[in-house]
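# A structural walkthrough
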Amino acid sequence: MDFDPPCFASSGTTRRAGARFGYAIISQSGSRTDKTLWSKERAGSKPVISIVRDEWAQARHIARQVAEACAQGVALRDQAVLVRTAEEMRPIEAELNRLGIAYRKVGRSHFFAGVKTALAILSWRENPSDTISGALALQAVPGVDAALAFRVASTLKGRRNLKQLLAGRPPVVRRPSWAAFVDLLGSLDHLPWDRQV
């Protein structure tokens, strides 16, 4: 079946720019499928290409753009950040959380949630200064949202002090859940690296 879907999220200008860029990349693939995107919207602002140093600079840039758009009256529900892989969202999520910007992920994020949490826990264990991994790990505890997780991870100031972490249980978190998480972190100290996973 040959069907060229409309590109509902884009103006004609954005769709044309995306098509040119996409064609330059996709045309190199021998297994590509020809597709023509179209839009009912004719006008629109031209896309801007930003060059950044790394994925964390990209995340800061994206979060600033979202915040600036909000300041200009663009509602969050009218904004979107598109990524190709879930891994690309990690620094963007962290930066949006840091700025207190609410967001909603749409896509196949549930499949890798357990793997993402396990990697965050192991990463935080190896590098207690990695506040982002700490925040992602803490979100595994029922009752801990992204903002609370970031605050807790930040208060440890790069020290993985299990006693301080246990004593710093947020009131919204049940004691057994918090204790189990701290015990898990402590148990990793006694396992060889190949048995920690």
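Our subject in this report is the structure included herewith. Only a predicted model underlies this, so the values are computations on that prediction, with no experimental measurement involved.

Of all 8 residues in helix H5 (residues 131–138), 7 are buried; the element is thus mostly enclosed. Taken together, the buried positions of H5 are occupied by Ile132, Ser133, Gly134, Ala135, Leu136, Ala137 and Leu138.

With that settled, the discussion passes to the packing of H5 against helix H6 (residues 146–155). Close contact between H5 and H6 brings their axes to 8 Å; oriented N to C, the two are set at 130°. Our classification of the angle between H5 and H6 gives oblique. Seen along the crossing, H5 lies across H6 with a hand that is right-handed. Of the residues in H6, those touching H5 at Thr131, Ile132, Gly134, Ala135 and Leu138 are Ala149, Phe150, Val152, Ala153 and Ser154. Partitioning the contact of H5 with H6 into residue classes produces 7 nonpolar, 3 polar and no charged.

This brings us to the pattern of salt bridges. This model, assessed by the stated rule, comprises 5 salt bridges. Where Glu95 meets Arg98, a salt bridge forms, and the shortest distance between an N and an O atom there is 2.5 Å. Note that Glu95 and Arg98 are positioned in helix H3 (residues 86–98) at a spacing of 3 residues, about one turn of the helix. With a relative accessible area of 47%, Arg98 lands in the partly exposed category.

Trp124, Leu138, Val144, Leu165, Trp178 and Phe181 are the most contacted members of the largest nonpolar core, which totals 25 residues. Secondary structure elements with two or more residues in this core: helix H4 (113–126), H5, H6 and helix H8 (175–188). Ignoring any residue separated from it by four or fewer positions in sequence, one finds Val144 in contact with Leu138, Gln139, Ala149, Val173 and Trp178. In this structure, Ala59, Ile62, Val66 and Ile101 belong to the second largest nonpolar core, which totals 8 residues.

This brings us to the environment of Ala146. Within the secondary structure, Ala146 sits in helix H6. Distance in space between the C-alpha atoms of Ala146 and Ala94 is 8.5 Å, their sequence separation being 52 residues. Excluding residues within four positions of it along the chain, Ala146 makes contact with Asn97 and Gln139.

The next thing to look at is the packing of aromatic side chains. How two aromatic rings sit relative to each other is set out by the distance from centre to centre and by the angle between their planes. Summed over all chains, the structure comprises 1 aromatic pair. Centroid distance Trp178 to Phe181: 6.4 Å. Interplanar angle 40°. Geometry classified as tilted. With Trp178 and Phe181 both in helix H8, this residue pair falls 3 residues apart, about one helical turn. Judged by relative accessible area, Phe181 falls into the buried class, the value being 5%.

Helix-helix packing: each pair is described by the crossing angle between the helix axes and the interaxial distance. Where helix H2 (residues 55–71) contacts H3, the axes come no closer than 8 Å and their chain directions differ by 45°. Between H2 and H3, the angle falls in the class oblique. Considering the relative orientation of H2 and H3, their crossing is right-handed. Contacts from Glu55, Trp56, Gln58, Ala59, Arg60, Ile62 and Ala63 in H2 reach Pro91, Ile92, Ala94, Glu95 and Leu96 in H3. Each residue belonging to the contact of H2 with H3 can be placed in one class, and the counts come to 8 nonpolar, 1 polar and 3 charged.

The rules behind the values
- Residues numbered from 1 in each chain as written.
- Predicted model: local features only at pLDDT ≥ 70, side-chain atom pairs only at ≥ 80, totals over all residues.
- Heavy atoms only, no water.
- Buried < 20%, exposed > 50% of the residue type's maximum accessible area, 1.4 Å probe, protein only.
- Helix = DSSP H or I, 4+ residues; strand = E, 2+ residues; numbered from the N terminus.
- Axes fitted to C-alpha atoms, helices over the stretch in contact; angles between N-to-C directions.
- Parallel < 35°, antiparallel > 145°, perpendicular 65-115°, else oblique.
- Left-handed = near helix turned anticlockwise from the far one by under 90°.
- Contact = heavy atoms within 4.5 Å.
- Nonpolar A, V, L, I, M, F, W, Y, C, P; charged D, E, K, R; others polar.
- Salt bridge = Lys/Arg side-chain N within 4 Å of Asp/Glu carboxyl O.
- Core = buried A, V, L, I, M, F, W, Y, C linked by side-chain atoms within 4.5 Å.
- Phe/Tyr/Trp six-rings, centres within 6.5 Å; stacked < 30°, edge-to-face > 60°.

Everything listed here is a matter of coordinates, which is why it stays silent on function.
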